[in-house]
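The primary structure of each chain is shown beneath.
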Amino acid sequence: METSAARKTNVPEFATAYYFLEGLNEIGIDYLFCNFGTDHAPIIDEMAHRKRRGEPMPGVVRCPHENTAAHMAAGYALMTGRGQGVLVHVDVGTANTANGMHNLFRSRIPALLMAGKAPYTVNDELVGSRDTYVHFVQEPFDQASLVRPYLKWEWTLPSGVVVKEALRRAHSVMQSEPRGPVYLMMQRETLTQHWRADEIRRYPSDQFTPSSGGAADPKLVSQLADKLLAAEQPILITGYAGRHAHASRAIDALAQFAGIAIYEVNMTNNISHTSPCFAGFSADKAVPQADVGLLVDVDVPWFPSDVQANDKTFWAHIDIDILKPGSPMWTFPGNVRMQGDSGRILEQLLEELKAKATPKFKEAAAARMARLKDLREERHAHAAKLAADKGKAGAVNPHYLMAELGKLIEAEDMIFNEGITNAAPALMQIPRPLPNTTVRAGGGGLGWSGGYALGAKLAAPDRLMVQICGDGGFYFNNPTSVFAVAHHYKLPIFTIVLDNTGWNAVKQSTLRVYPEGEAKSSNTFESELAPDVHFTKVAEGFGAYAEELTDPAQAPAALERCIKAVRGGRAALLHARVTKM
């Protein structure tokens with residue numbers, strides 16, 4: 001570093017922003033997903049400074065909308081396990097990330113959200129003082145309140161001298177289980193402060209290791225093993241265990257040994273669907289009959305309005321987040337709760353079961369396995385029957401379309417399923433032998449699948465990334481921003497829009513509350529969206545390949561052409577006019 005001359009003249013060497021970029025490198029941030037504003041002038045200048053000096057810094061991905069930036073960070077972290085940086089503009093940029101932070105928080109995905117704040121000096125007292133209109137109107141009393149419900153940690157950088165300490169603290173919190181977003185705010189004056197290199201302390205990663213989930217109390221494991229030994233109808237419900245491959249393997253091994261039916265309910269990260277114990281995506285019929293139930297890495301195992309759980313069932317909750325403190329109300333049963341790494345805990349449980357297993361237990365488990373085989377064959381036959389109906393012109397059957405897609409993709413390819421009321425066809429028809437290859441946002445914020453797919457493609461460029469969304473979800477995705485990034489950074493993804501002409505979830509919700517109400521009698525659900533639109537034009541405007549599918553007979557060829565384009569390096573969109581809502 002060029003420090004000798006600066007020290008001789010007693011002039012500090014570098015600005016806070018310079019050390020900020022250096023600190024991002026030190027905590028392992030590969031990329032900054034950015035939507036720049038006036039508050040970032042010191043950072044932009046130091047980016048140029050570091051480039052001139054040949055010094056490393058995170059890659060920069062400029063996103064035309066913050067929703068894309070937040071969800072790209074999610075997709076990258078999903079593939080790598082490492083939270084990335086999201087750099088946005090003061091309060092308005094933060095507000096535009098709130099949807100994304102909600103999704104990341106509920107999905108247990110780490111991210112370092114960073115924003116400037118309006119300069120605090122007005123009369124040019126310091127470098128970086130207010131110099132434009134927005135500096136006077138973008139200073140709320142509580143900027144962090146815009147995203148606080150979805151954060152694990154927040155702070156405003158008080159001085160550049162602690163910038164690396166703040167970054168290390170942010171990293172430790174976001175990467176510790178359960179993982180999630182953190183938020184750092186920085187004002188221009190603070191970023192322009194100069195400091196000597198020896199004044200900025202480093203915080204090595206080996207001394208600040210994030211916490212991870214551990215094993216369970218052996219006494220609790222033994223208690224649960226005893227319950228399973230005596231169980232006649234045990235079940236296991238999961239929702240996001242697939243985010244760790246070892247947890248998916250542990251679920252399969254335990255279930256096969258003990259003859260436990262596995263249900264993946266309200267899935268966020270899939271487990272392997274090829275287990276002989278995998279029983280489908282709804283446990284509604286099994287819950288009232290179960291005598292022992294395991295809730296493993298799941299947030300909503302069933303809807304209490306639809307399912308009456310048996311008061312006599314023994315429930316064990318195994319999760320990194322057993323009490324769900326981020327939700328004011330969460331009252332699913334748990335006779336025993338074991339917080340930690342679900343894969344490790346299930347491995348403990350399997351060891352205990354093997355040590356205690358009797359011939360009678362093994363015989364009962366084998367009988368349950370035989371019944372599960374019959375149920376599996378029935379489920380596959382039902383899915384095949386649904387896919388056999390191709391639909392008609394202008395109303396392609398989503399089950400048929402997804403079954404054809406399943407024939408064309410590899411086991412390692414990724415499905416980002418934002419189909420909402422058409423999510424089930426993708427789950428039922430696309431084989432998923434590998435965990436964490438079908439993903440849904442754990443939150444309720446629509447518009448995530450495009451950004452997820454882009455971030456995942458950046459992390460794993462050799463894998464096909466398939467975004468599936470409805471026409472309503474397509475709007476929420478800020479598609480011009482998604483396709484702009486895909487084009488600019490050469491990140492080809494495959495987007496399938498299942499256009500059923502509106503918000504079917506809104507219609508179905510109204511019918512559930514008022515099954516014979518005024519809305520039904522007049523067929524006015526306030527859910528129709530603009531008719532006869534051509535989403536292909538959006539994609540084509542950014543150089544993507546695009547097709548509109550109306551004839552079911554053309555589905556296989558259309559899918560092949562789109563996938564060929566993507567594998568050749570060009571984003572593609574298939575606008576499929578499916579069965580109307």
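Residues numbered from 1 in each chain as written. Predicted model: local features only at pLDDT ≥ 70, side-chain atom pairs only at ≥ 80, totals over all residues. Heavy atoms only, no water.

## As for the overall build of the chain
Of the regular secondary structure elements, the chain holds 21 helices and 21 strands. In terms of C-alpha radius of gyration, the chain reaches 26 Å, essentially the compact-globule figure of 25 Å for 581 residues. Taken over 581 residues, the chain has a buried fraction of 55%. Summing over all exposed atoms, the chain offers an accessible surface of approximately 24600 Å²; the carbon and sulfur share of this is 53%. Side chains of the chain carry 59 positive and 63 negative charges; the gap between the two charge centres is 4 Å. (Helix = DSSP H or I, 4+ residues; strand = E, 2+ residues; numbered from the N terminus. Rg over C-alpha atoms; globule rule 2.2 N^0.38 Å. Buried < 20%, exposed > 50% of the residue type's maximum accessible area, 1.4 Å probe, protein only. Areas by Shrake-Rupley, 256 points an atom, 1.4 Å probe, with all protein chains shown as cover. Lys, Arg positive; Asp, Glu negative; His and termini not counted. Charge placed at Lys NZ, Arg CZ, Asp CG, Glu CD.)

## As for the nonpolar core
Counting 53 residues, the largest nonpolar core has I237 and L294 as the members making the most contacts within it. Not counting the four nearest positions on each side in its chain, I237 is found in contact with Y263, V265, A283, V287, L294, L295, V296, V298, P301 and W302. (Core = buried A, V, L, I, M, F, W, Y, C linked by side-chain atoms within 4.5 Å. Contact = heavy atoms within 4.5 Å.)

## Comments concerning the environment of A459
As for its placement among the helices and strands, A459 is situated in helix α15 (residues 449-459). Sequence separation of A459 and V513 is 54 residues, and the distance between their C-alpha atoms is 43 Å. Contact partners of A459, with chain neighbours within four places excluded, come to Y76, M79 and T80.

## A look at the sheet that holds strand β5 (residues 111-117)
One open sheet accounts for six strands, arranged β3-β2-β4-β5-β7-β6; its pairing is parallel. The outermost strands of the open sheet, each flanked by one partner alone, are β3 (59-62) and β6 (153-156). Strand-to-strand twist of the sheet, defined as the mean angle between neighbouring strand axes without regard to direction, takes the value 20°. Relative to β5, strand β4 (residues 84-88) is paired through five bridges, and the arrangement is parallel. Counterpart to G85 in the pairing with β5 is L112. In this fold helix α2 (residues 16-26) packs onto β2 (31-34), β5 and β7 (181-187), with an angle of close to 175° to the strand it touches most, β5. (Pairing = 2+ DSSP bridges. Axes fitted to C-alpha atoms, helices over the stretch in contact; angles between N-to-C directions.)

## Overview of the layout of surface pockets
What the second largest pocket holds in volume is close to 650 Å³. A261, Y263, A279, A286 and L375 are, among the 25 residues lining the second largest pocket, the residues nearest its centre. Listing elements by their share of the lining of the second largest pocket, those giving two or more residues are β9 (234-238), β10 (261-264) and α12 (359-388). Taken together, the residues that form the lining of the second largest pocket break down as 12 nonpolar, five polar and eight charged. (1 Å grid on protein atoms, 1.4 Å probe; cavity = no way out; pocket = protein on both sides within 12 Å on 5 of 7 lines; lining within 4 Å. Points joined across faces, edges and corners; volume = space filled by probe spheres on them. Nonpolar A, V, L, I, M, F, W, Y, C, P; charged D, E, K, R; others polar.)

## Quick notes on a nonpolar patch on the surface
A cluster of nonpolar residues, V122, Y133, F136 and V137, forms a patch on the protein surface that exposes about 430 Å² of accessible area. Within the fold, V122 resides in the loop between β5 and α6 (134-137). (Patch = residues over 30% accessible without salt bridge, like charges linked within 9 Å, V, L, I, M, F, W, Y side chains within 5 Å. Salt bridge = Lys/Arg side-chain N within 4 Å of Asp/Glu carboxyl O.)

## Let's talk about the sheet that holds strand β12 (residues 314-319)
Across the sheet, five strands lie side by side as β10-β9-β11-β12-β13; this open sheet has parallel pairing. Only two strands of the sheet have a single partner each, and these edge strands are β10 and β13 (336-339). Ignoring which end each strand starts from, the neighbouring axes of this sheet average 15° apart. Across five bridges, strand β11 (residues 292-296) lies against β12 in parallel orientation. When the sheet's bridge partners are listed, G293 is paired in β12 with W315. Across the sheet, helix α9 (residues 218-230) touches β9, β11, β12 and β13, and the angle it forms with β13 is around 130°. Against the sheet, helix α11 (residues 342-356) touches β11, β12 and β13, its axis set at about 150° to β11.

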